[in-house]
Amino acid sequence: MASFYPFLYFACAALITVSCVLVFRHNPKNPVNRKYAVFCLAFITWLSIYSFVINAHSHLPISVREILCKLAYTGIAFIPITLLDYIFTFFEKRNPIKLNFAYVASFVTVVIL
C-alpha cells in the first residue's frame, strides 16, 4: 500500500513550482523575481526528490537512495542562503561579503555530503 506522505511532498513541490513560474513570468528581469525563483528551486529540489525516494523506497537499491538523498540535501543546504539573498534583494540591502561567505559555506556543506 502506498504511503500518503510522498503525495504531500509532491503537492507542495507542485504548488511551489506554480508560484515560482507565476512570479518569474510576471517580470523575469526583476532581480527580486529571479532571487525568488532561485529560492523556490531549492525547495522544489528537496521536495520532489524526497517525494520520489519515499514513494519508491522499496524498489530502489540502497546506493541509489543514498545518492538521491544527498541530492535532496543539496536543496536543503541552499534554502537558508537563498532566503537570505532574496531578503537582501527585496529590501535593497546588499552585503556581498556575508552572502559570498554563506554561499561558500553552503557549497562546502554540499561537498562534505
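Please refer to the structure placed before this passage.
Thresholds applied
- Residues numbered from 1 in each chain as written.
- Predicted model: local features only at pLDDT ≥ 70, side-chain atom pairs only at ≥ 80, totals over all residues.
- Heavy atoms only, no water.
- Helix = DSSP H or I, 4+ residues; strand = E, 2+ residues; numbered from the N terminus.
- Buried < 20%, exposed > 50% of the residue type's maximum accessible area, 1.4 Å probe, protein only.
- Contact = heavy atoms within 4.5 Å.
- Phe/Tyr/Trp six-rings, centres within 6.5 Å; stacked < 30°, edge-to-face > 60°.
- Patch = residues over 30% accessible without salt bridge, like charges linked within 9 Å, V, L, I, M, F, W, Y side chains within 5 Å.
- Areas by Shrake-Rupley, 256 points an atom, 1.4 Å probe, with all protein chains shown as cover.
- Salt bridge = Lys/Arg side-chain N within 4 Å of Asp/Glu carboxyl O.
- Axes fitted to C-alpha atoms, helices over the stretch in contact; angles between N-to-C directions.
- Parallel < 35°, antiparallel > 145°, perpendicular 65-115°, else oblique.
- Nonpolar A, V, L, I, M, F, W, Y, C, P; charged D, E, K, R; others polar.

Participant: Where do I start with the overall build of the protein in this structure?
Facilitator: Scanning the protein for helices and strands turns up four helices and zero strands. Taken from N to C terminus, the helices and strands of the protein fall in the order α-α-α-α. The dimensions of the protein, computed from C-alpha atoms along their principal axes, are 50 × 35 × 15 Å. Taken over 113 residues, the protein has a buried fraction of 28%. Taking as baseline every contact in the protein between residues at least 6 positions apart, the subset at least 24 positions apart corresponds to 59%.

Participant: I keep staring at the packing of aromatic side chains and nothing clicks. Help me out?
Facilitator: In this description, an aromatic ring pair is defined by two values, namely the gap between the centres and the angle between the planes. In the structure shown here, the tally under the stated rule is eight aromatic pairs. Arranged with centres 5.2 Å apart and planes meeting at 85 degrees, the rings of F39 and F43 form a pair that is edge-to-face. Within this pair, F39 and its partner F43 are both found in helix α2 (residues 31-55), separated by four residues, close to a single helical turn. In this structure F43 comes out as partly exposed when scored by relative accessible area, which is 22%. Ring centres 5.9 Å apart and planes at 50 degrees place the aromatic pair F43 and W46 in the tilted group. In this pair, F43 and W46 are both assigned in helix α2, three residues apart and thus about one turn of the helix distant. By relative accessible area, W46 is classed as partly exposed at 22%. Among the aromatic residues, those joined into a cluster by ring pairs are Y36, F39, F43, W46, Y86, F90 and F91.

Participant: What is the right way to read the environment of V111 from this model?
Facilitator: Take V111: it is sitting in helix α4 (residues 96-112). The exposure class of V111 is exposed, given its relative accessible area of 55%.

Participant: Before we go on, may I ask you to explain a nonpolar patch on the surface in this structure?
Facilitator: A cluster of nonpolar side chains, namely F4, Y5, F7 and L8, defines an oily patch on the protein surface of about 470 Å² accessible area. Look at F7 and you get partly exposed, because its relative accessible area is 45%.

Participant: Help me out: how do you make sense of the packing of helix α3 (residues 62-90) against α4 in this one?
Facilitator: If you want to describe how two helices pack, look at the angle between their axes and the distance between the axes. Across the interface, α3 lies against α4 with an axial gap of 9 Å and an inter-helix angle of 170 degrees. Here α4 runs roughly antiparallel to α3, going by the angle between their axes. Across the interface between the two elements, T74, A77, F78, I81, T82, L84, D85 and F88 of α3 pack against L99, A102, Y103, S106, F107, T109 and V110 of α4. When the residues that make up the contact of α3 with α4 are grouped by side-chain class, the tally is 10 nonpolar, four polar and one charged.

So, to be careful, I would describe these as geometric facts and stop short of saying anything about function.
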